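# Survey of secondary and tertiary structure
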Amino acid sequence: MLKAIIEHKGNTLLLEFPCKRMLLAEHLASIGIRTAAHDIKCIDEEDAPIKVKIYGESEFDAKFASVVSPENTLSGVNSFCEIYHNMPYANKLDIQKAVLNGEVSSLKEFGQLMLNRRQQDTTEHYYCPLVASVYNYNDYGDLEEYPDEYDGEFLAPYEDRIRELIQREEALDETNLAEYFDGSNGAVAKLKEIHFSTQNVDGVLYGDIRVELTEPFTPEEEVEFKEWAIGQMADGWGESFEQREIRIPEGELYVSFWNSGSDYFMLNSDEFDEYLAQDQGMGGME
């Protein structure tokens, strides 16, 4: 990726992109720069108060560096590098080809190229049952030793609180769950991000797993993903999430994206619609 040599009052800093915003500020402060990164232009001239030289070592990086102009800011370069860095490998190959072929002449065009490539991506949703465990208070104000078990119909009134808990759980790990997917190379190359939410259908709450892809899975790849996702619900992300309590007047509520029942499922959008069309799905899970 791109690098920068930054000179200020006789001090020199070697910076590699992308760089976390707070860390970037710390690096700049280490050579006495108080100016914010979004106010520092990429000017490589001797008389510049802050001299910034952007360069790259590989053929692609060097070509990319050549489109950075003195009007671009250090923060802007960092942001574009971060977006590129987080893109799937297949997208990166397309962008590299365009840059090396001379199809990009400015940082703005580079950003538009990334945006166009991301707009070709697709989203799939996978659904699963939700179950609840409630530890009730006893007459002494203590929690019962064993919980009462409920289904998604019980959980529907708590949807907003469950979604808030999901957001907090996802925020605990800076690495998206997609990075841990260990399927075939074809499936791994397509998977960008995984996010969790809920879906209320006729008063019954289901787990909603949103999957961002560069292109749809093949049937075989989808089978791989589903099996892996079920494992995550049972022993990975889901196991961690189901240990986060929600305090309710009756006691403590715990929500799980997995259960050991024979009626458990992991369905894509079309399959879920078919499931709901059946009698057992119309009014929620009894």
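That block above? That's the structure.
Calculation notes
- Residues numbered from 1 in each chain as written.
- Predicted model: local features only at pLDDT ≥ 70, side-chain atom pairs only at ≥ 80, totals over all residues.
- Heavy atoms only, no water.
- Pairing = 2+ DSSP bridges.
- Helix = DSSP H or I, 4+ residues; strand = E, 2+ residues; numbered from the N terminus.
- Axes fitted to C-alpha atoms, helices over the stretch in contact; angles between N-to-C directions.
- Contact = heavy atoms within 4.5 Å.
- Buried < 20%, exposed > 50% of the residue type's maximum accessible area, 1.4 Å probe, protein only.
- Polar contact = N/O pair within 3.5 Å; in protein donor to acceptor, adjacent residues only side chain to side chain.
- Salt bridge = Lys/Arg side-chain N within 4 Å of Asp/Glu carboxyl O.
- Core = buried A, V, L, I, M, F, W, Y, C linked by side-chain atoms within 4.5 Å.
- Phe/Tyr/Trp six-rings, centres within 6.5 Å; stacked < 30°, edge-to-face > 60°.

Here we come to the sheet that holds strand β2 (residues 11-16). The sheet built from three strands is open, its strands ordered β2-β1-β3 with antiparallel pairing. Lying at the two open borders of the sheet, with one neighbouring strand each, are β2 and β3 (51-55). This sheet shows a mean twist of 15 degrees between the axes of neighbouring strands, independent of strand direction. Relative to the sheet, helix α1 (residues 21-30) contacts β1 (3-8) and β2, its axis offset from that of β2 by approximately 160 degrees.

What follows covers the environment of R244. Inspection of the secondary structure puts R244 in the loop between α10 (237-241) and β9 (246-248). Using a relative accessible area of 32% as the deciding quantity, one classes R244 as partly exposed. Taking the C-alpha atoms as reference points, R244 and I166, separated by 78 residues in sequence, lie 9.4 Å from one another. Beyond its immediate stretch of four places on either side in the chain, R244 contacts L165, E169, L172, L253 and Y254. Within the local environment of R244, its side chain forms a polar contact with the side chain of E169, the two groups lying 2.7 Å apart.

With that settled, consider the sheet that holds strand β7 (residues 191-201). Strands pair in a sheet through their backbones, by hydrogen bonds, and they do so in one of two ways: parallel or antiparallel. If you walk across this open sheet you meet the four strands as β7-β8-β4-β11, and the pairing is antiparallel. Taken across any chain shown, the strands that pair with only one partner, and hence form the sheet edges, are β7 and β11 (267-268). When strand β4 (residues 122-129) meets strand β8 (residues 204-213), the two strands line up antiparallel, connected through eight bridges. For C128, the partnering residue across the bridge sits in β8 and is G207. Along the sheet face, helix α7 (residues 159-171) touches β7 and β8 and points at about 165 degrees away from the line of β7.

So, about the pattern of salt bridges. On inspection of all chains with the given rule, the structure shows 11 salt bridges. Here K41 ties to E71 by a salt bridge, and the two come within 3.6 Å at their closest N and O atoms. Placement of K41 in the loop between α1 and β3 and of E71 in the loop between α2 (59-65) and α3 (74-85) is noted, with a sequence separation of 30 residues between them. Residue K51 pairs with E46 through a salt bridge whose shortest N-O separation is 2.8 Å. One salt-bridge network, in which partners are shared between bridges, spans K3, E16 and E57.

All right, on to the nonpolar core then. Formed by 35 residues in total, the largest nonpolar core has its most connected members in I162, I194, F196, F225, L253 and F257. In this structure, F17, C19, F110 and M114 belong to the second largest nonpolar core, which totals 33 residues.

This part is about unusual backbone geometry. The omega torsion across F17 and P18 is -5 degrees, close enough to zero to call that bond cis. The topology assignment puts P18 in the loop between β2 and α1. In this structure, K9 is a non-glycine residue whose phi angle is positive, near 50 degrees. With respect to the secondary-structure elements, K9 resides in the loop between β1 and β2. Its identity as a non-glycine residue notwithstanding, D202 has a phi of 50 degrees, on the positive side. Overall, the relative accessible area of 55% leaves D202 in the exposed class.

This part is about the packing of aromatic side chains. As enumerated under the stated definition, the model contains 24 aromatic pairs in all. With a centroid separation of 5.7 Å and 80 degrees between ring planes, the pair formed by F241 and F257 is classed as edge-to-face. With a gap of 16 residues between them, F241 in helix α10 and F257 in the loop between β10 (251-256) and β11 connect regions that are remote in the sequence. Of the aromatic side chains, those joined through ring pairs into one cluster are Y126, F181, F217, F225 and W228.

Turning next to the side chain of K51. Looking at where K51 falls in the secondary structure, it is placed in strand β3. Classification of K51 as buried rests on a relative accessible area of 14%. Side chain to side chain, K51 and E46 meet in a polar contact 2.8 Å long. Apart from the residues lying within four places of it in its own chain, the contact partners of K51 are I5, I6, E7, I43, D44, E45 and E46.

Quick look at the side chain of T73 now. Residue position: T73 is located in the loop between α2 and α3. A polar contact of 3.0 Å, which involves the side chain of T73, links it to the backbone nitrogen of G76. Excluding anything up to four places from it in sequence, T73 contacts A37, H38, I40, K41 and C42.

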